[in-house]
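Now for the letters of each chain:
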Amino acid sequence: MTDNTDLLRRIDRLESLDAIRQLAAKYSLALDMRDSDAWVSLFPEDVQVGGGKSGRKALRDWFDETMGQQFDGTSHHIGGHVIEFIDENNAQGVVYSKNEHETGVEWVIMQMMYFDRYTRIDGRWYFQRRLPLYWYATDLNKPPIGSRKMRWPGQPPYEGSFHDLFPSWQAFWDRAGKAHDAPVSEPAPLEGFIDAMRKDHPLPRPRVR
């Protein structure tokens, strides 16, 4: 009986991993095809939108306004996806995304990652939260060398918070040229790789648009 219970738990974990990966793929497809109804359906009914607003209708309004103002077309390419379970109905993840945007006279390429929280409601997985963290956005013909790599047409450049989720980036450069004498940490637990890297570091507050 115990073995059967463990097997069912492991099967549920595998199915949940696949469902969460599908969330990221569906998000990109619905976004690029401008299907705002399909896009908001990937979030719970009471999704928090900001500015005191909540719900899928408010999120759809935000989507339609943002996509209509900023982009003629987009393509989002999903990369590596780390998923870890908090419990059987909640998980977190980090997923890379390489994106292209037609923005009038410029073709803007972007490298970013999302820090996600996922939740399962009535047997179905949803995004509870997506925190976008950007490394660069720049015209295809303009390498984003230097600081303030977020360079949208007609806007002052700014930082995108790509390295602010984990403290290791700043720590690496702070010790540049110095011996790294600290003992090597033990491998992180199976479901604790992200938290081990985060070390309770404060969440960044990136500019979204």
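Only a predicted model underlies this, so the values are computations on that prediction, with no experimental measurement involved.

Caption draft 1: Summary view of the pattern of salt bridges. Under the criterion given, the structure shown has eight salt bridges. When the shortest N-O distance is used, the salt bridge between Asp6 and Arg10 registers 4.0 Å. Here the residue Asp6 and the residue Arg10 both occupy positions in helix α1 (residues 2-32), the gap between them amounting to four residues, near one helical turn. Judged by relative accessible area, Asp6 falls into the partly exposed class, the value being 30%. Here Glu106 makes a salt bridge to Lys142, at a shortest N to O gap of 3.6 Å. Here the residue Glu106 occupies a position in strand β5 (residues 106-121), and Lys142 occupies one in the loop between β6 (124-139) and α4 (168-174), the gap between them amounting to 36 residues. If you follow the salt bridges from partner to partner, you end up with Asp6, Arg9 and Arg10 in one network.

Caption draft 2: Layout of a nonpolar patch on the surface. A surface patch of nonpolar side chains, amounting to about 270 Å² of accessible area, comprises Leu7, Leu8 and Ile11. Tracing the backbone through its elements, the reader meets Ile11 in helix α1. When its relative accessible area of 37% is taken as the criterion, Ile11 is described as partly exposed.

Caption draft 3: Seen up close, the sheet that holds β5. The strand order across the open sheet formed by four strands is β3-β4-β5-β6, and the pairing between neighbours is antiparallel. The strands lining the two open edges of the sheet, one partner per strand, are β3 (73-87) and β6. On average, each strand axis in the sheet is inclined to that of its neighbour by 15°, with strand direction left out of account. As paired strands, strand β4 (residues 90-103) and β5 are joined by 14 bridges and run antiparallel to one another. Along β5, the bridge assignment pairs Ser97 with Met112.

Caption draft 4: Fine view of the environment of Arg198. Relative to the assigned elements, Arg198 resides in helix α5 (residues 193-198). By relative accessible area, Arg198 is classed as buried at 10%. Counting along the chain gives 191 residues from Arg198 to Leu7, while the straight-line C-alpha distance between them is 31 Å. Ignoring sequence-local partners within four residues, the contact set of Arg198 consists of Phe115, Leu165, Phe166, Pro167 and Leu203.

Caption draft 5: Inspection of the packing of aromatic side chains at higher detail. Inspection of the entire model under this criterion finds 16 aromatic pairs. The interplanar angle of 50° and the centroid separation of 5.6 Å between the aromatic rings of Phe71 and Trp152 together place this pair among those described as tilted. Taken together, the residues span a long stretch of sequence, with Phe71 in the loop between α3 (56-70) and β3 and Trp152 in the loop between β6 and α4 at a distance of 81 residues. Trp152 shares its class with Phe71; the two are buried. Grouping aromatic residues by their ring pairs yields a cluster made of Tyr27, Trp39, Phe43, Trp62, Phe63, Tyr114, Tyr118 and Phe127. Above the ring of Tyr27, the side-chain terminus of Arg130 is found at 4.3 Å from the ring centroid.

Caption draft 6: Quick peek at the environment of Gln155. Structurally, Gln155 is set in the loop between β6 and α4. Discounting residues that sit within four places of it in the chain, Gln155 has contacts with Gln70 and Arg207.

Caption draft 7: The layout of surface pockets, seen in detail. Of the voids in this model, the largest pocket is the one considered here, and its volume is about 810 Å³. Taken together, 35 residues make up the lining of the largest pocket; nearest its centre are Tyr27, Trp62, Arg130, Pro132 and Val208. Broken down by secondary-structure element, the contributors of at least two residues to the lining of the largest pocket are α1, β1 (48-50), α3, β3, β4, β5 and β6. The element best represented in the lining of the largest pocket is β6, accounting for six residues. By residue class, the composition of the lining of the largest pocket is 21 nonpolar, 10 polar and four charged. Looking at the second largest pocket, its volume works out to about 430 Å³. Along the walls of the second largest pocket sit 17 residues, with Ser168, Ser185, Ala196, Met197 and Lys199 positioned nearest its centre. Residue assignment for the lining of the second largest pocket shows that the elements contributing at least two residues are α4 and α5.

Calculation criteria
- Residues numbered from 1 in each chain as written.
- Predicted model: local features only at pLDDT ≥ 70, side-chain atom pairs only at ≥ 80, totals over all residues.
- Heavy atoms only, no water.
- Salt bridge = Lys/Arg side-chain N within 4 Å of Asp/Glu carboxyl O.
- Helix = DSSP H or I, 4+ residues; strand = E, 2+ residues; numbered from the N terminus.
- Buried < 20%, exposed > 50% of the residue type's maximum accessible area, 1.4 Å probe, protein only.
- Patch = residues over 30% accessible without salt bridge, like charges linked within 9 Å, V, L, I, M, F, W, Y side chains within 5 Å.
- Areas by Shrake-Rupley, 256 points an atom, 1.4 Å probe, with all protein chains shown as cover.
- Pairing = 2+ DSSP bridges.
- Axes fitted to C-alpha atoms, helices over the stretch in contact; angles between N-to-C directions.
- Contact = heavy atoms within 4.5 Å.
- Phe/Tyr/Trp six-rings, centres within 6.5 Å; stacked < 30°, edge-to-face > 60°.
- Lys NZ or Arg CZ within 6 Å of the ring centre and 35° of its normal.
- 1 Å grid on protein atoms, 1.4 Å probe; cavity = no way out; pocket = protein on both sides within 12 Å on 5 of 7 lines; lining within 4 Å.
- Points joined across faces, edges and corners; volume = space filled by probe spheres on them.
- Nonpolar A, V, L, I, M, F, W, Y, C, P; charged D, E, K, R; others polar.

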